[in-house]
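Residues per chain are reported as follows:
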Amino acid sequence: MQLIPKLCLSIPQSFVALFTIDKCLTEMKLRSILNDLSELAHPSLQESYDNSGLLVGNPEMEINGILVSLDSTEAIVDEAIERNCNLIVAHHPIVFKGLKRFNGSNYVERTIIKAIKNDIAIYAIHTNLDNVLQNGVNQKIAEKLHLNNVQILSKKKEVLTKLVVFVPTSHAENVREALFNSGAGKISDYDKCSFNSEGIGTFRAGQESKPYVGEIGESHHEKEVKIEVVLTNYLQQKAIKAMTEAHPYEEVAYDLYPLLNEAPEIGAGIIGELNNALSPSDFLQHVKTNMNATVVRFTQSNHSSIKKVAVCGGSGSFLIKQAMHSGADAYVTGDVKYHEFFDSEDRMMICDIGHYESEQFTIELLVDFLSKKMPNFAVLFTKTVTNPVNYFY
Ligand SMILES: [Zn+2]
């Protein structure tokens, strides 16, 4: 069935007539949407236990609408069918461990079977979206709680590379710009970062070569610039391609070094500050209201006011000690177990608002991102509440 994109619905008929129909996109290749989602949070940034990425579907599929949700369940697949969406973008991967049978004996199998039968693709953007600062799950929580000066709570290591390339002086600017345009040379809020040193490169061209400078069979000395840039590992291929295309030499000499540095914008949790310190009771109300939480389970702390706040969407117990170590007055997360509450030692207020509640605004984040990328395409916010936890009080 032909989908009517949402934007078209809001445009007066006379206005539509001024434009050709391709202004309202009715189909889009899944591969192109996957590229956009990789730009938001690259799948390589997911944790080793995770299963983010394209779980069902083929990148060559034509997509006619996207349904965004926190979970992909049978009810979500039903909603996708009803609303003419053949791509579900969900935060949690429905398939987390290997499936050996497909006989519908549990909700995971039934969801996958229903999606495949109805040609619906499922994409999960889970811990990779947790691990990015910009537009990540935790930045969204920080925004809802009005936190400023946010930074990653537990920065990730082994995700950065140093790329060093040797370029004849005449082409140094071109190669540098090509590297920057590929995303290399970005350090926190600075971009186009590089170090450049001049020197002499030497080489002798072989009989089969086509040297850009120098003669075949003769030693050559060339004034060169050594350009050094930092990049995230997943940008390596793109940067090398851009660099090679801008470089005049037949054989480009470059080195890749894995870095031990922490990545400033990649990692788990976020820590930031409230504009004005709040009393513990006012802070609890602030969290409950702004996070739309039904209940907040919390520990007492010996802090009379709360200003520095750490957050982690989902199950964030693993960051309790890190949050305390970073000087947080309070830590907002979900899924905290009884004994883990003791870990605060009265030095930090732990606020457990529930897993779903802590991550619910991830849907808003994804819809906003995809709608900006594809303003004329149907990106729909789910109407289904997938939270399996209810409260009786
Ligand atoms: Zn979660």
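Rules used in this analysis
Residues numbered from 1 in each chain as written. Predicted model: local features only at pLDDT ≥ 70, side-chain atom pairs only at ≥ 80, totals over all residues. Pairing = 2+ DSSP bridges. Helix = DSSP H or I, 4+ residues; strand = E, 2+ residues; numbered from the N terminus. Axes fitted to C-alpha atoms, helices over the stretch in contact; angles between N-to-C directions. Contact = placed C-beta atoms within 7 Å. pLDDT = per-residue confidence, 0-100. Buried ≥ 20, exposed ≤ 12 C-beta atoms within 10 Å, placed from the backbone. Domains from an automatic or database assignment. Core = buried A, V, L, I, M, F, W, Y, C linked by C-beta atoms within 7 Å. Parallel < 35°, antiparallel > 145°, perpendicular 65-115°, else oblique. Left-handed = near helix turned anticlockwise from the far one by under 90°. Nonpolar A, V, L, I, M, F, W, Y, C, P; charged D, E, K, R; others polar.

Peer 1: I keep staring at the sheet that holds strand 10 (residues 219-232) and nothing clicks. Help me out?
Peer 2: As a general point, the strands of a sheet are linked pairwise by backbone hydrogen bonds and lie either parallel or antiparallel. Pairing in this open sheet of four strands is antiparallel, and the strands run 9-10-8-11 from one edge to the other. Each edge of the open sheet carries a strand with a single partner, namely strand 9 (195-204) and strand 11 (254-258). Across the sheet, the mean angle separating the axes of adjacent strands is 25 degrees when strand polarity is ignored. Judged from the ten bridges that link them, strand 9 and strand 10 form a sheet pairing that is antiparallel. Residue pairing for strand 10: Phe195 is matched across the bridge by Glu228. On the sheet, helix 8 (residues 172-181) packs against strand 8 (160-168), strand 9 and strand 10 and is oriented at approximately 20 degrees with respect to strand 10.

Peer 1: Would you take a moment to explain the confidence of the model for the protein for this structure?
Peer 2: Any residue range with low pLDDT should be treated as having predicted coordinates unsuitable for detailed reading. Averaged over every residue, the pLDDT of the protein is 92; residues scoring 70 or more account for 94%. Throughout residues 1-23 the model reports pLDDT below 50, and contacts reaching past four residues in sequence, or to other chains, amount to 22 contacts.

Peer 1: What is the right way to look at the environment of Met348 in this model?
Peer 2: Following the sequence through the fold, Met348 ends up in the loop between helix 12 (338-341) and strand 16 (349-352). According to the C-beta neighbour criterion, Met348 is buried, with 27 such atoms within 10 Å. Sequence separation between Met348 and Thr111 is 237 residues; the distance between their C-alpha atoms is 41 Å. Filtering out sequence-adjacent residues up to four positions away, Met348 remains in contact with Ser301, Ala323, Met324, Ala328, Asp329, Ala330 and Tyr331.

Peer 1: It is not clear to me how the domain arrangement of the protein should be interpreted in this structure. Could you clarify?
Peer 2: Interfaces are often sized by the accessible area lost when the parts come together. Under the domain assignment, the protein is made up of domain 1 (6-126 + 361-381), domain 2 (137-154 + 267-353) and domain 3 (159-259). Taking the mean C-alpha position of each, domain 1 and domain 3 sit 38 Å from one another.

Peer 1: Mind showing me how you'd approach helix 7 (residues 137-144) here?
Peer 2: Because each turn of an α-helix spans 3.6 residues, side chains separated by three or four positions in sequence point in the same direction. Of all eight residues making up helix 7, six are buried, and the element is well covered by its neighbours. Of the residues making up helix 7, those classed as buried are Val137, Asn138, Gln139, Lys140, Ile141 and Ala142.

Peer 1: Any chance you could explain the sheet that holds strand 13 (residues 297-298) here in plain terms?
Peer 2: As summarised here, the arrangement of the six strands in space is 7-12-14-15-16-13, forming an open sheet in which the pairing is mixed. Both outer strands of the open sheet, strand 7 (147-157) and strand 13, are each paired with one neighbouring strand and no more. Where strand 7 lies against strand 12 (residues 262-278), seven bridges are found, and the strand directions are antiparallel. Within the sheet, the bridge partner assigned to Ile152 lies in strand 12 and is Ile270.

Peer 1: Could you clarify how one ought to interpret unusual backbone geometry in this entry?
Peer 2: For residues besides glycine, phi is generally negative; the peptide bonds are generally trans as well. The backbone phi angle of Asn135 is positive, close to 60 degrees, even though this residue is not glycine. Taking the number of C-beta atoms within 10 Å as the measure of exposure, Asn135 has 15 and is therefore partly exposed.

Peer 1: Explain the environment of Phe96 to me, please; I cannot follow it from the model alone.
Peer 2: Turning to its location among the elements, Phe96 is positioned in the loop between strand 5 (87-90) and helix 5 (107-117). Since 14 C-beta atoms lie within 10 Å of it, Phe96 is described here as partly exposed. In this structure the C-alpha to C-alpha distance between Phe96 and Ile320, which are 224 residues apart in sequence, comes to 25 Å.

Peer 1: Quick question: what am I supposed to make of the nonpolar core here?
Peer 2: Among soluble globular proteins, nonpolar side chains are generally buried collectively. Judged by nonpolar contacts, the single largest core of 76 residues is most densely connected at Ile66, Leu87, Ile88, Ile122, Ala330, Tyr331 and Val332. Here this core gets five residues from one element, more than from any other, and that element is strand 14 (residues 306-315). In terms of domain composition, this core takes at least three residues from each of domain 1 (6-126 + 361-381) and domain 2 (137-154 + 267-353). Discounting residues that sit within four places of it in the chain, Ala330 has contacts with Phe283, Ile306, Val309, Met348, Met349 and Cys351. In terms of nonpolar packing, the next biggest core, distinct from the first, is built from 16 residues, Val165, Val167, Ala172 and Leu231 among them.

Peer 1: Which parts of the structure should I look at to understand the packing of helix 8 against helix 9 (residues 236-246)?
Peer 2: Contact geometry of helix 8 with helix 9 gives a least axis separation of 8 Å together with a crossing angle of 155 degrees. With respect to helix 9, the axis of helix 8 lies roughly antiparallel. The interaxial crossing formed by helix 8 with helix 9 has right-handed handedness. Residues Asn174, Val175, Ala178, Leu179 and Asn181 of helix 8 pack against Ala239, Ala242, Met243, Glu245 and Ala246 of helix 9. Among the residues forming the contact of helix 8 with helix 9, the class breakdown is seven nonpolar, two polar and one charged.

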